[in-house]
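# Structure assessment
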Amino acid sequence: MTTTGSTADGPPRLEVAGLTVTFGGLTALDDVGFTVADGETVALIGPNGAGKTTVFNAVCGLVRTRRGEVRVGGEPAPPSATGLLRAGVSRTLQGLGLFDRLTVLENVLVPLSGTRLTGDHLAAAHEVLAALGLGAVAAVRAGALPYPERKRVALARALVTRPRLLLLDEPAGGLGAADIDQLARTVRTVADGGCAVLLVEHHVDFVTDVADRVVVLDLGRVIACGTPGEVRRDPAVEEAYLGVPAGEVRP
Amino acid sequence: MERLVFLLSTGLARGAVLALFALSLVIVYRAARAVNFAQAAMAVVPVYVALAVTSAGGSFWLGLAVALAVGALLGAVVERGLLRLVPQETPLPGIIVAVGLVMVLQAGLAMVFGPDHRPVHAPFSQRPFDVGGVSVLSPYDLFVLVVAAVVMGGLALLFSRTSLGLRLRAAAFAPETSRLLGVRVPRMVTLGWMLSSATAALAALLLVPTGLGLDPHAADVLFVNAFAAAVVGGLDSPVGALVAGLAVGVLVTLVTGYASAAAAPLAVLVLLTAVLLVRPHGLFATREARTA
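Residues numbered from 1 in each chain as written. Chains lettered and ligands numbered in written order. Predicted model: local features only at pLDDT ≥ 70, side-chain atom pairs only at ≥ 80, totals over all residues. Heavy atoms only, no water.

## A closer look at the domain arrangement of chain A
All names here are of chain A. To keep it simple, the criterion reads: Domains are outlined according to an automatic or database domain assignment. Two parts lose some accessible area (1.4 Å probe) when they are put together, and adding that loss for both gives the buried area.
Its domain assignment divides chain A into domain 1 (1-88 + 164-251) and domain 2 (95-162). With centres defined by C-alpha atoms, the gap from domain 1 to domain 2 works out at 25 Å. Buried surface at the junction of domain 1 and domain 2, summed over both partners, amounts to about 900 Å²; 66% is from carbon and sulfur atoms. A per-residue breakdown of the area domain 1 buries against domain 2 is headed by L85, Q182 and T186, which together make up 35% of the total.

Right under this line is the structure:
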């Protein structure tokens, strides 16, 4: 099943088509397809084990796909991390993956360090840190920060390369309401700048707030796609989340 | 008092060499999460090459440059051609292969160059300066201290101020995350081995004029003391290697001077045990560094 955004002229920033991934006898993804256009925010939701993170890993070449393809900007997705960075793809990790012993600034500079670090690189890093309210802790070791700030460092590190496709793995997880509001503003700013955003998220209000479209996965298949409002009213989605056919749920 | 000043100053110079060698062990531990038990044998190979260059009419400085280059090359060859092929899940296979490498290198050197001590002349006088009737450092000791300080300062700048240093540290702290961020981790591991082996070669080159001369086992005691210093310092802390290296150097020199050379290894063992009893992770290690 393929769902397509309608905002793109030319090839979409991300195109996933017929993606099938198996682990041994288990089918983790089954014929999954969707697109994300430049400037569009698409949320990938679904119950635990639906295959959301596997989609991310397939996009990043971290799992072997059995069938289907992933295209970035119309080209086959590069298999290596450096190739993806060069193609303008950036991601955050579910476990944050910060270097606790490096400073916040150093954490943010790591994706830029493939070449000699110039003043422009440093300026870009300071700019993104300031934009996320991390300017004052640039010289602090990442391991010493509270969790919400650590999440922002991870986001800053993903943004510093000025990506054209940003993959966010549970960006709102573990955050309070104020931090989620700030995150939503950041995501909207990034998308307004023309970046395609694909996010995996459980937080329904956050998804409703930022996503242009929602793709719902269940047991490795796309079961619904549409605006957040459309998806919320979809009986198949309710069944997937609650385990009973729509209409049978009583308060 | 004069004797104490002399022993302390000499101990610092010996400690500088120890600190360099301990630093080489720390660099490779950070890069590969492994103690290189072949470091002593690997460090002596470039010294033989340097001595051959110097004997063939080249200057000491040319020999020094060749030793650094050969050390770095040997580090790359050992990592790429040998230890990368060894299973990494547990440390034991790597240790066994490293011990085997020690035997091969030391036997090979003995076959090619002979097992005897070969005298190595220092590029500067080893006669101590006389300061107000007190013997202190020799010109060669000063040279050793300056070289050690320059190399350690250079390595500190490399690790803290350059993009390569940032990649080396990132790859050492979290290889998998680094790979996802575009850092070529296997290349960083190889570079870590090259830096480590070149530093160890330099330490061995600085050591041999102060000892009995060069033989295939010339750096064995240096390795044992430097390993103790590296562990005391925390095994992954360059600052720890520096401080503990200097401390062990001074300790060994004082014990040798006031008691006997035979008591020196015992003193190092006592220091190591005492520190590990109080701080099991070493003086400068952070806890997560050893479990990462």
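Anyway, onward from the coordinates.
## Remarks on helix α4 (residues 92-113) of chain B
Residues and elements named next belong to chain B. Heads up, the rule is: Under the scheme used here, helices are H or I runs from DSSP no shorter than 4 residues and strands are E runs no shorter than 2 residues, and both carry numbers assigned from the N terminus. One less than the number of residues in a helix, times 1.5 Å, gives the span that helix is expected to have. Throughout, a residue-residue contact means that at least one pair of heavy atoms, one from each residue, lies within 4.5 Å.
Taking 1.5 Å of rise per residue, the 22 residues of α4 would be expected to cover 32 Å, and the 31 Å separating its terminal C-alpha atoms lies within 8% of that figure. The secondary structure elements touched by the buried residues of α4 are α2 (39-55), α3 (60-81) and α9 (220-233). G114 sits one or two positions beyond α4 and adopts a positive phi of about 90°.

## Observations concerning the sheet that holds strand β10 (residues 213-218) of chain A
Residues and elements named next belong to chain A. Put simply, the test is: Here, a strand pair is defined by DSSP locating no fewer than two bridges between the strands. To get an axis, fit a line to the C-alpha atoms, keeping to the stretch in contact for a helix; angles then go from 0 to 180 degrees between the N-to-C directions.
Reading across the sheet, the six strands line up as β7-β8-β9-β4-β10-β11 and stay open at both edges, with mixed pairing between neighbours. The sheet terminates laterally at β7 (89-91) and β11 (221-226), the two strands that pair on one side only. For this sheet the average axis-to-axis angle between neighbouring strands, irrespective of direction, equals 20°. Along the sheet, helix α6 (residues 177-192) contacts β4 (41-45), β8 (165-169) and β9 (196-200); its crossing angle with β9, the most-contacted strand, is approximately 145°.

## Some remarks on the packing of α3(B) against helix α8 (residues 185-207) of chain B
Residues and elements named next belong to chain B. As a reminder of what qualifies: The labels follow the angle: roughly parallel below 35 degrees, roughly antiparallel above 145, roughly perpendicular from 65 to 115, and oblique for the rest. In this scheme, a crossing is called left-handed if the near helix is turned counterclockwise away from the far one by less than a right angle; it is called right-handed if the turn is clockwise. Three residue categories are used. Nonpolar comprises Ala, Val, Leu, Ile, Met, Phe, Trp, Tyr, Cys and Pro, charged comprises Asp, Glu, Lys and Arg, and polar comprises the others, including Gly.
Closest axis-to-axis distance for the α3/α8 pair is 7 Å, and the angle between their directions is 140°. Relative to α8, α3 is oriented oblique. Crossing of α3 against α8: the hand is right-handed. The segment α3 lies against α8, with L64, A67, L68, G71, A72, G75, A76, V78, E79 and R80 engaging P186, R187, V189, T190, W193, M194, S197, A198, A201, L202 and L205. Counted by class, the contact of α3 with α8 contains 14 nonpolar, four polar and three charged residues.

## Focus on the environment of B:S138
All names here are of chain B. The criterion, for reference: Three labels apply to residues, based on accessible area from a 1.4 Å probe with only protein chains included: buried if under 20% of the type maximum, exposed if over 50%, partly exposed otherwise in between.
In this structure, S138 sits in the loop between β2 (134-135) and α5 (139-161). Under the relative-accessibility criterion, S138 is labelled buried at 2%. Sequence separation of S138 and S197 is 59 residues, and the distance between their C-alpha atoms is 27 Å. Setting aside residues no more than four positions away along its own chain, S138 makes contact with S125, Q126, R127, P128 and F129.

## Comments concerning the interface of chain A and chain B
In many analyses, interface size is given as the accessible surface area lost on bringing the parts together. This is how the line gets drawn: By definition, a salt bridge exists where a carboxyl oxygen of Asp or Glu is found within 4 Å of a side-chain nitrogen of Lys or Arg.
Counting residues at the interface gives 20 residues for chain A, matched by 20 residues for chain B. Regarding the contact of chain A and chain B, the summed buried area is about 1800 Å², with carbon and sulfur atoms giving 68% of it. Three residues stand out in chain A for area buried against chain B, namely A:F99, A:R101 and A:S113, and they jointly supply 34% of the buried area on that side. Here chain A and chain B share two salt bridges between them. Where A:R101 meets B:D236, a salt bridge forms, and the shortest distance between an N and an O atom there is 2.9 Å. For the side of chain A that touches chain B, the elements supplying multiple residues, two or more each, are α2 (81-86) and α3 (104-109) of chain A.

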